[in-house]
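Read off the chains here:
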Amino acid sequence: MSQQFDSLIIGEVAQDTNVDYDGTTIQAVGGAVYYSGFAAANIGHKIAVLPKADTTQIDMTAAFAGAPNVTVFPVHSKTSFVTKNVYHTPDRERRTSTVDSVIEPYKTSEVPDIDAKIWHLAGLVGGDITDEMIPFAAQRAMVAIDVQTMLRCVENGGMVYHDWAAKKEMLPYIRFLKTDAAEAEILTGTSDRAAAAKMMYDWGTKEILITHNSEVLVYDGKEIYTCPIKARNLSGRTGRGDTTFACYINERLTQDIPTALKTATALVSLKMETPGPYMGTRADLDAYIKAFY
């Protein structure tokens, strides 16, 4: 009898160098799988992660040691995702990212037989997770995808965004789709987040979550829901979208949209006040919701 997980998160860990606007430099493990895994597990969800990197360079089990509810299934790649983020302003809204190397793409054959209700595809750049992974995942679980893995491309060491060529073919397989406001505009051509969500729904996705620095929006084909971000500072901005999405989709297994949205928005607000992944507990989150929501 295999273990039952709430979600399986597929995506590489990043070896990040973050340079703050004042010159402070921090070496960190990062990546969507990292922030997502901690966020969902530390509020009580049972999470499996399939991180990919050069296993001779990084101990991925140790990287997730602070999240006891995470089970790690490391995948070896000859190369790791190595990146540098330089933030230009105190609010960390403007950054320059350079990429030194990327992983070998995930293959469907690398995914172990894991019983999870959701497969959360959380790559970092185009090519990490191929389009073929999406129908493969949809045969086995509800599919959640952070669309950054399809839009962000490495060109000349820099990060640029391009539309996802196969979006209309692939979106019908996807139960939960996450974009930020800029990515939603790339996909749909409109900066109106509600209109963008409706277009993506019309293309076949069942539930769309769009993050913005002021609020999080969800659309399910019937109603637009929003919840405000209430962080008291932004020192832990890195990983905010991953934190929001991972919390939201796992909460949705048992909660309605408004409840899951409030929980996810509160969690990211709390997480943003401290650098690194969410290391608190469910009780810390509940106290924060009581105080601010």
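See the structure printed just above.
Being a predicted model, the structure only gives us computed values, none of them experimental. (Residues numbered from 1 in each chain as written. Predicted model: local features only at pLDDT ≥ 70, side-chain atom pairs only at ≥ 80, totals over all residues. Heavy atoms only, no water.)

Novice: Can you walk me through the overall build of the protein in this structure?
Specialist: Of the regular secondary structure elements, the protein holds 10 helices and 17 strands. Computed over its C-alpha atoms, the radius of gyration of the protein comes to 17 Å, within 12% of the 19 Å expected for a compact globule of 293 residues. For the protein, the spread of C-alpha atoms along the three principal axes comes to 45 × 45 × 40 Å. Burial analysis of the protein (293 residues in total) assigns 54% to the buried set. Within the protein, residue pairs in contact and separated by at least 24 positions form 63% of the contacts whose partners lie at least 6 positions apart. About 12,000 Å² of surface is accessible on the protein, with carbon and sulfur atoms providing 50% of the total. (Helix = DSSP H or I, 4+ residues; strand = E, 2+ residues; numbered from the N terminus. Rg over C-alpha atoms; globule rule 2.2 N^0.38 Å. Buried < 20%, exposed > 50% of the residue type's maximum accessible area, 1.4 Å probe, protein only. Contact = heavy atoms within 4.5 Å. Areas by Shrake-Rupley, 256 points an atom, 1.4 Å probe, with all protein chains shown as cover.)

Novice: What exactly am I supposed to notice about the packing of aromatic side chains here?
Specialist: The description of two aromatic rings rests on the distance between their centres and on the angle between their planes. Counted under the stated rule, the structure contains nine aromatic pairs. Each ring, one from phenylalanine 176 and one from tyrosine 248, has its centre 6.4 Å from the other, and the planes form 90 degrees; the classification is edge-to-face. One end of the pair, phenylalanine 176, is in strand 14 (residues 176–180); the other, tyrosine 248, is in helix 8 (residues 240–251), with 72 residues separating them in the sequence. Counting every residue linked through ring pairs, the aromatic cluster contains Tyr34, Tyr35, Phe38 and Phe64. Over the face of the ring belonging to tyrosine 106 we find lysine 52, whose NZ or CZ atom lies 5.1 Å from the ring centre. (Phe/Tyr/Trp six-rings, centres within 6.5 Å; stacked < 30°, edge-to-face > 60°. Lys NZ or Arg CZ within 6 Å of the ring centre and 35° of its normal.)

Novice: Looking at this model, I keep getting lost on helix 1 (residues 32–42). Mind explaining?
Specialist: By the criterion of burial, helix 1 is predominantly enclosed, with 11 of the 11 residues buried. For helix 1, every residue scored as buried is listed here: Ala32, Val33, Tyr34, Tyr35, Ser36, Gly37, Phe38, Ala39, Ala40, Ala41 and Asn42.

Novice: I tried to follow the packing of helix 6 (residues 181–188) against helix 7 (residues 193–202) on my own but got confused; where do I start?
Specialist: How two helices sit against one another is set out by the angle between their axes and by the gap between those axes. Axis separation between helix 6 and helix 7 bottoms out at 10 Å; the angle between their running directions is 55 degrees. In terms of axis orientation, helix 6 runs oblique to helix 7. Helix-helix and strand crossings are classified by hand; for helix 6 and helix 7 the assignment is left-handed. Where helix 6 abuts helix 7, its residues Ala181, Ala184, Leu187 and Thr188 lie against Arg193, Ala196, Met199 and Met200. (Axes fitted to C-alpha atoms, helices over the stretch in contact; angles between N-to-C directions. Parallel < 35°, antiparallel > 145°, perpendicular 65-115°, else oblique. Left-handed = near helix turned anticlockwise from the far one by under 90°.)

Novice: Is there a simple way to think about the environment of alanine 231 in this case?
Specialist: Structurally, the position occupied by alanine 231 is in the loop between strand 17 (224–228) and helix 8. A relative accessible area of 23% means that alanine 231 is categorised as partly exposed. The sequence separation of alanine 231 and serine 214 amounts to 17 residues, and the corresponding C-alpha distance is 9.7 Å. Setting aside residues up to four positions removed in sequence, alanine 231 forms contacts with Ser269, Met272, Glu273 and Tyr288.

Novice: I keep staring at helix 9 (residues 257–271) and nothing clicks. Help me out?
Specialist: Given 3.6 residues to a turn, an α-helix orients residues that are three or four positions apart in the same direction. With 15 residues, helix 9 ought to run about 21 Å at 1.5 Å a step, and its terminal C-alpha atoms sit 21 Å apart, in line with that. Across the 15 residues that make up helix 9, a large majority, 12, are buried. Within the span of helix 9, buried status applies to Ile257, Ala260, Leu261, Thr263, Ala264, Thr265, Ala266, Leu267, Val268, Ser269, Leu270 and Lys271. Tucked inside the fold, the buried residues of helix 9 contact helix 1, strand 15 (207–211), strand 16 (215–219), strand 17, helix 8 and helix 10 (282–292). (Expected span 1.5 Å × (residues − 1).)

Novice: How do you make sense of the side chain of glutamate 207 when you look at a structure like this?
Specialist: Assignment of secondary structure puts glutamate 207 in strand 15. A relative accessible area of 4% means that glutamate 207 is categorised as buried. A distance of 2.6 Å separates the side chain of glutamate 207 from the side chain of tyrosine 248, its partner in a polar contact. Setting aside residues up to four positions removed in sequence, glutamate 207 forms contacts with Arg175, Phe176, Leu177, Val218, Tyr219, Asp220, Tyr248, Arg252 and Ile257. (Polar contact = N/O pair within 3.5 Å; in protein donor to acceptor, adjacent residues only side chain to side chain.)

Novice: Explain the state of the cysteines to me, please; I cannot follow it from the model alone.
Specialist: Disulfides are covalent bonds that connect the sulfur atoms of two cysteines. Under the definition given, this model contains zero disulfides. Cysteine 247 takes part in no disulfide bond, and the closest cysteine sulfur to it belongs to cysteine 227, at a distance of 11 Å. Overall, cysteine 247 belongs to the buried group, its relative accessible area being 0%. (Disulfide = S-S within 2.5 Å.)

Novice: What is the right way to look at unusual backbone geometry in this model?
Specialist: Backbone phi values are negative for most residues with the exception of glycine, while trans is the configuration of most peptide bonds. Positive phi is not limited to glycine here, since asparagine 156 has a value of about 50 degrees. Among the secondary structure elements, asparagine 156 is positioned in the loop between strand 12 (152–155) and strand 13 (158–161). You can call asparagine 156 exposed: its relative accessible area is 86%.

Novice: Looking at this structure, how should I read the pattern of salt bridges?
Specialist: A side chain of one charge can pair with a side chain of the opposite charge when the charged atoms of the two come close. Summed over the entire model, instances satisfying the criterion amount to 10 salt bridges. Measuring nitrogen to oxygen at the nearest pair gives 3.4 Å for the salt bridge that ties aspartate 146 to lysine 178. Of this pair, aspartate 146 sits in strand 11 (residues 142–146) while lysine 178 sits in strand 14; the two residues are 32 residues apart in sequence, bridging distant segments of the chain. The class of lysine 178 is buried, set by a relative accessible area of 5%. Notably, a salt bridge pairs glutamate 207 with arginine 252, separated by 2.7 Å at the nearest N-O pair. With glutamate 207 in strand 15 and arginine 252 in the loop between helix 8 and helix 9, this pair connects stretches of sequence that are 45 residues apart. Its relative accessible area of 18% is what places arginine 252 among the buried residues. Via salt bridges that share partners, Arg175, Glu207 and Arg252 belong to a single interconnected network. (Salt bridge = Lys/Arg side-chain N within 4 Å of Asp/Glu carboxyl O.)

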